[in-house]
Amino acid sequence: MKSQTLPQHITRFAIFALVATAILFFISPDSYTHELFGRCDSANFFMCGKAWMSGMTPYVDFTDSKGPLLWLIYGCGYLLSHYDYTGVFWLSCLCYVVIYQYTYKTTRLFIDDERLAFLATILMSLAYFCPLWHYETRAEDFCLLFVVPSLYHTCRVLYGSNPAVARVLRNASFVLGLSFGATLMIKFTIAAMLGVFVLYVWFSAVTLRYGWWRSVGWMGVGALLPIAPFVILFSVQGNLADFVSQYFLITFQTVQEIRTTDSFVHDLAFKLMSNATVLLLLFTAVLVPLFVPYMRRFRLFPLVSLCVFLLIVIQNARWPYYFSICSPFMLFSVVALVKMFEAYGRSAVHTVNGVVVLLTVIGSVLLNYDYYYYSTHSMGFMNLFTQSDNAERRAYHHYADAIAQKPHPTIIYLDSQCNPEFGVPAGALPGCRDWSQQTGATQAMKQATRQAVVSKRADFVVATEPESVAMLSRLGYKMIKRDHLDTPYYLFAR
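What you see is a predicted model; the values in this text were computed from it and never measured.

(A) Looking closely at the overall build of the protein chain. Tallying secondary structure elements over the protein chain gives 20 helices and 5 strands in all. Within the protein chain, the proportion of its 494 residues that are buried is 55%. Within the protein chain, counting contacts between residues at least 6 apart in sequence, those at least 24 apart form 73% of the total. In the structure as shown, the protein chain presents an accessible area of about 21,200 Å², 65% of it carried by carbon and sulfur atoms.

(B) Inspection of the environment of threonine 251 at higher detail. As for its placement among the helices and strands, threonine 251 is situated in helix α12 (residues 240-257). Separated by 185 residues in sequence, threonine 251 and lysine 66 place their C-alpha atoms 8.1 Å apart. With near-sequence residues (within four places) excluded, threonine 251 lies in contact with Ser65, Phe188 and Gln246. A polar contact is formed between the side chain of threonine 251 and the backbone oxygen of tyrosine 247, at a distance of 2.7 Å.

(C) Here's a closer look at the state of the cysteines. Applying the stated criterion to the full structure yields 0 disulfides. Note on cysteine 93: no disulfide assigned, nearest cysteine sulfur contributed by cysteine 95 at a separation of 9.6 Å. The exposure class of cysteine 93 is buried, given its relative accessible area of 3%.

(D) Geometry of the packing of helix α2 (residues 41-53) against helix α3 (residues 68-80). Remark: α2 packs on α3, axes separated minimally by 7 Å, with the N-to-C direction vectors making an angle of 80 degrees. When the interaxial angle is binned, α2 and α3 end up roughly perpendicular. Here α2 contributes Ser42, Phe45, Phe46, Cys48, Gly49, Lys50, Trp52 and Met53 to the contact with α3, which in turn contributes Pro68, Leu70, Trp71, Leu72, Tyr74, Gly75, Tyr78 and Leu79. For the contact of α2 with α3, the class distribution of residues is 12 nonpolar, 3 polar and 1 charged.

(E) Inspection of the pattern of salt bridges at higher detail. All told, the structure shown has 6 salt bridges when counted by the stated rule. Close ionic contact of arginine 138 with aspartate 41 constitutes a salt bridge, the shortest N to O distance being 2.8 Å. Of this pair, arginine 138 sits in the loop between α6 (125-128) and α7 (139-159) while aspartate 41 sits in helix α2, and the two are 97 residues apart along the sequence. Neither arginine 138 nor aspartate 41 differs from the other in exposure class; each is buried. One salt bridge connects arginine 138 with glutamate 136, and the closest N-O pair in it is separated by 3.0 Å. Both residues of the pair, arginine 138 and glutamate 136, belong to the buried class.

(F) A look at the packing of aromatic side chains. Scanning the entire structure with this criterion turns up 48 aromatic pairs. Ring centres 6.1 Å apart and planes at 75 degrees place the aromatic pair tyrosine 200 and phenylalanine 298 in the edge-to-face group. Of the two residues, tyrosine 200 is situated in helix α10 (residues 195-207) and phenylalanine 298 in the loop between α14 (276-291) and α15 (301-313); the sequence distance between them amounts to 98 residues. Taken together, the ring pairs connect Phe110, Tyr159, Phe197, Tyr200, Phe203, Tyr294, Phe298, Phe301, Phe309, Phe329 and Phe332 into an aromatic cluster. Over the aromatic face of tyrosine 321 sits the side chain of arginine 138, whose NZ or CZ is 3.6 Å from the ring centroid. Positioned above the aromatic ring of tyrosine 210, the side-chain terminus of arginine 214 is 5.5 Å from the ring centre.

(G) Molecular detail of the sheet that holds strand β3 (residues 460-463). Here 5 strands make up an open sheet; going across it, the order is β2-β1-β3-β5-β4 and the pairing mixed. Of all the strands in the sheet, the pair left with one neighbour each is β2 (429-430) and β4 (478-479).

(H) Unusual backbone geometry, seen in detail. A positive phi is found at arginine 209, a non-glycine position, where the angle reads about 60 degrees. Locating arginine 209 in the fold gives a position in the loop between α10 and α11 (212-237). On the basis of relative accessible area, arginine 209 is assigned to the exposed category, the value being 79%. A positive phi angle, near 50 degrees, is found at histidine 408, a position not held by glycine.

(I) Main features of the environment of tyrosine 321. Residue placement: tyrosine 321 occurs in the loop between α15 and α16 (331-342). For the pair formed by tyrosine 321 and tyrosine 135, sequence separation is 186 residues and the distance between their alpha carbons is 7.6 Å. In this structure, tyrosine 321 is in contact with Asp41, Trp133, Tyr135, Arg138 and Glu140, ignoring residues within four places of it in sequence. Separated by 3.3 Å, the side chains of tyrosine 321 and tyrosine 322 make a polar contact.

(J) Main features of the pairing of strand β1 (residues 410-413). Residues of β1 alternate between two faces, with Thr410 and Ile412 on one and Ile411 and Tyr413 on the opposite face, all of them buried. Judged from the 2 bridges that link them, β1 and β2 form a sheet pairing that is parallel. If you follow threonine 410 over to β2, its bridge partner there is leucine 429. Bridge analysis of β1 against β3 gives 3 bridges, and the strand direction is parallel. For isoleucine 411, the partnering residue across the bridge sits in β3 and is phenylalanine 460.

What counts and how
Residues numbered from 1 in each chain as written. Predicted model: local features only at pLDDT ≥ 70, side-chain atom pairs only at ≥ 80, totals over all residues. Heavy atoms only, no water. Helix = DSSP H or I, 4+ residues; strand = E, 2+ residues; numbered from the N terminus. Buried < 20%, exposed > 50% of the residue type's maximum accessible area, 1.4 Å probe, protein only. Contact = heavy atoms within 4.5 Å. Areas by Shrake-Rupley, 256 points an atom, 1.4 Å probe, with all protein chains shown as cover. Polar contact = N/O pair within 3.5 Å; in protein donor to acceptor, adjacent residues only side chain to side chain. Disulfide = S-S within 2.5 Å. Axes fitted to C-alpha atoms, helices over the stretch in contact; angles between N-to-C directions. Parallel < 35°, antiparallel > 145°, perpendicular 65-115°, else oblique. Nonpolar A, V, L, I, M, F, W, Y, C, P; charged D, E, K, R; others polar. Salt bridge = Lys/Arg side-chain N within 4 Å of Asp/Glu carboxyl O. Phe/Tyr/Trp six-rings, centres within 6.5 Å; stacked < 30°, edge-to-face > 60°. Lys NZ or Arg CZ within 6 Å of the ring centre and 35° of its normal. Pairing = 2+ DSSP bridges.

In structure tokens:
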């Protein structure tokens with residue numbers, strides 16, 4: 001692999017920036033082209049990030065099932081844009097530029113031709129933004145920022161030809177440790193997935209006589225960089241125990257509460273069958289290299305790694321978006337296909353290079369639009385192609401306007417069916433620690449939320465269940481007028 005000059009690096013970076021921004025501009029719900037309502041996880045993360053930036057204490061004044069690094073990212077997005085998700089959109093663009101860069105570096109381990117490697121990288125747009133799993137910005141998007149570099153450095157150890165073995169293993173160990181620490185501070189199950197990369201690097205360290213203890217040491221150094229600042233901060237603030245309890249212990253309990261059926265076997269069968277298309281696509285991606293061999297060794301690495309990722313994902317994979325973290329493994333299939341084209345001759349490949357890149361970008365946009373239109377059109381998503389005005393959209397803006405009338409409002413979402421979205425454009429903050437009933441909420445969490453409502457700690461409460469509506473009326477909360485609004489959400493003011 002030939003070294004590139006600085007202008008070549010800058011040019012490639014600029015192209016990836018344009019591609020990422022162009023695609024996300026059309027398909028990202030956080031973009032300027034989309035409506036604000038219809039969010040679930042994004043609204044949760046944004047509200048938590050906003051609360052932190054507004055001086056509230058994480059895991060004491062507010063909480064969710066995610067780590068502080070994700071809230072910090074969304075907090076930065078809030079600082080860029082206070083009342084919508086466009087700040088997060090620009091952070092996502094930057095995130096995917098880095099992902100494209102490391103995707104390109106990985107392809108160069110297998111493809112000598114720079115143009116073909118660039119083609120394979122752009123083709124990965126269809127994997128990263130596949131409409132089967134990419135239809136809202138979630139924690140997995142920002143975890144990819146660390147999973148893709150980890151995959152590159154692991155592949156560099158396994159398949160690279162660099163004679164500087166010590167440097168390659170040191171860098172790989174450090175990046176894996178850094179990625180483990182960062183993903184642990186976002187979503188700890190994804191940190192566990194990186195363990196398969198760690199085992200491969202340790203095996204290589206022993207085989208190449210680098211010394212596994214050196215690898216462990218560099219991983220420890222890398223992991224401390226993203227973890228230590230939060231531990232120090234929370235120790236000073238006095239909420240370190242709350243952080244450990246709420247993020248690790250309570251989240252583990254909520255995950256255990258999420259069961260589709262009463263039987264483990266039936267629950268697993270449901271998850272497998274409901275995600276059969278996604279699983280088929282992913283397994284096909286890692287099996288192709290077995291039939292079109294291009295890796296010199298460790299040919300089972302993609303299959304083994306994917307299986308480890310899937311074993312962890314499937315525990316909570318009620319929805320396809322959980323599998324988006326597995327999308328980098330589709331690179332192995334893309335590289336195999338590109339190398340098949342290469343066998344037909346360089347001139348033929350270069351002729352279709354630009355056409356394929358263009359079709360990839362257009363295809364990615366259209367595929368995602370197709371998914372939006374048919375699966376969420378009733379929710380009223382607005383993009384450049386369509387805008388619907390329905391009950392959900394009218395209720396969203398009606399309630400948001402009502403909340404915004406009060407300076408510095410606080411809000412609680414009482415029932416589990418409530419999407420925590422009304423407070424985003426209204427500048428509202430969480431009204432208590434368990435301000436939004438996350439999926440799998442325990443009885444203790446539900447009781448704490450109801451107690452906060454009874455104590456009237458929040459200015460506004462959103463409810464959906466008849467029992468909750470009746471309770472709020474008994475407590476003296478006033479229902480916000482909802483003439484001509486056909487929506488399951490009820491907004492009450494204190």
